[in-house]
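Single-letter residue listing:
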Amino acid sequence: MQEAAKSKNSRIVLALDFPFEAPENRNKLLVKAESILKAVHPFICAVKINHHLVLPLGTFNGVQHLVEQIRGQGLLAIMDAKVNDVGATNQTIAQYYYAAGFDALIANPFIGWEEGLEPLFKVSQKLNRGIILLCYMSHKGAREGYGQTIIDSETGKKTLQYVSFAKKALKYGADGIVVGATYPQKIAEIKRIVGQNVPIYSPGIGAQGGDAEAAVKAGANYLIVGREIIAAADPAKAACQLLDSIKGV
Ligand code: 3DU
């Protein structure tokens, strides 16, 4: 990611998400995705794909083709699968996405290490791919899970769930963590824990109310942006303006 961000001179990860299309029209999505990619690629360093495209297009019919184009532009391809199952299942999910060419997967740390994340990290390390862990999501309900006060199972001490996840991301050697741009104070708090060792990916800019400059100032390394760019009248212009707004921050 560091290399891609440097060579593209951007820290924007495009969330290539589109609203629902009737299944019989799903090929439109591939055309839309290709045209956005063509327009926006000079202003981004990576593309994040979510179920918005995997469900209608299929991993090996449409999405793999897109991943090839993304990587062909010198960008990284991240699959936002929020992997969240038992280890053997996680491993198979990862193998399919990696076989489709993805560089990294997003996973949910609530599953725990043993028989949860461990097999996922193992297969990712073996194939030289990355794991990005959720730490504090951008929506209001995040406080019910990521924001809870817990008794840490290792230390027996009271702590916040996201503080524990940030420390675990460091310990596991995660390639990144997700912290919502809607909570810049939490970005700053988490940054103090992970320092420069685990990059922070921040979604929630624009459509969800988060501010790009505030997120970067608080310590976000990469901004994940979807609707603010994709739903704009001129996506390339929107991406370029967003990039300008954080240059030098
Ligand atoms: O709100 P946007 O259109 O900029 O899209 C943000 C993307 O990031 C979208 O795919 C969403 O599912 C994902 N995401 C979050 O928004 C918040 C999180 O905490 C994690 C992922």
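Residues numbered from 1 in each chain as written. Predicted model: local features only at pLDDT ≥ 70, side-chain atom pairs only at ≥ 80, totals over all residues. Heavy atoms only, no water.

K.L.:
Before we move on, could you go through the site of the ligand and cite the residues and values that matter?
P.N.:
Inspection of the region around the ligand gives 15 residues, with Asp 17, Lys 48, Gln 208, Gly 226 and Arg 227 positioned closest. A distance of 2.5 Å separates an oxygen atom of the ligand from a polar atom in the side chain of Asp 17. Within the backbone of Arg 227, one N or O atom sits 2.8 Å away from an oxygen atom of the ligand. About the coverage of the ligand: the protein hides 91% of its 470 Å² of free accessible area. Classifying every residue of the shell around the ligand gives 6 nonpolar, 4 polar and 5 charged. (Near = heavy atom within 4 Å. Polar contact = N/O pair within 3.5 Å; in protein donor to acceptor, adjacent residues only side chain to side chain. Areas by Shrake-Rupley, 256 points an atom, 1.4 Å probe, with all protein chains shown as cover. Nonpolar A, V, L, I, M, F, W, Y, C, P; charged D, E, K, R; others polar.)

K.L.:
Outline the pairing of strand β10 (residues 222-225), supporting the account with residue identities and numerical values.
P.N.:
Burial along β10 is two-sided: Tyr 222 and Ile 224 and Leu 223 and Val 225, pointing in opposite directions, are all buried. Taken together, the 3 bridges between strand β1 (residues 12-15) and β10 define a ladder with parallel strand orientation. Each residue of the ladder has a partner; that of Ile 12, found in β10, is Leu 223. Across 3 bridges, strand β9 (residues 200-203) lies against β10 in parallel orientation. Paired with Pro 203 across the bridge in β10 is Ile 224. For the segment spanning β9, helix α9 (residues 212-218) and β10, crossover handedness is right-handed. (Buried < 20%, exposed > 50% of the residue type's maximum accessible area, 1.4 Å probe, protein only. Helix = DSSP H or I, 4+ residues; strand = E, 2+ residues; numbered from the N terminus. Pairing = 2+ DSSP bridges. Right-handed = clockwise from strand over helix to strand, strands pointing away.)

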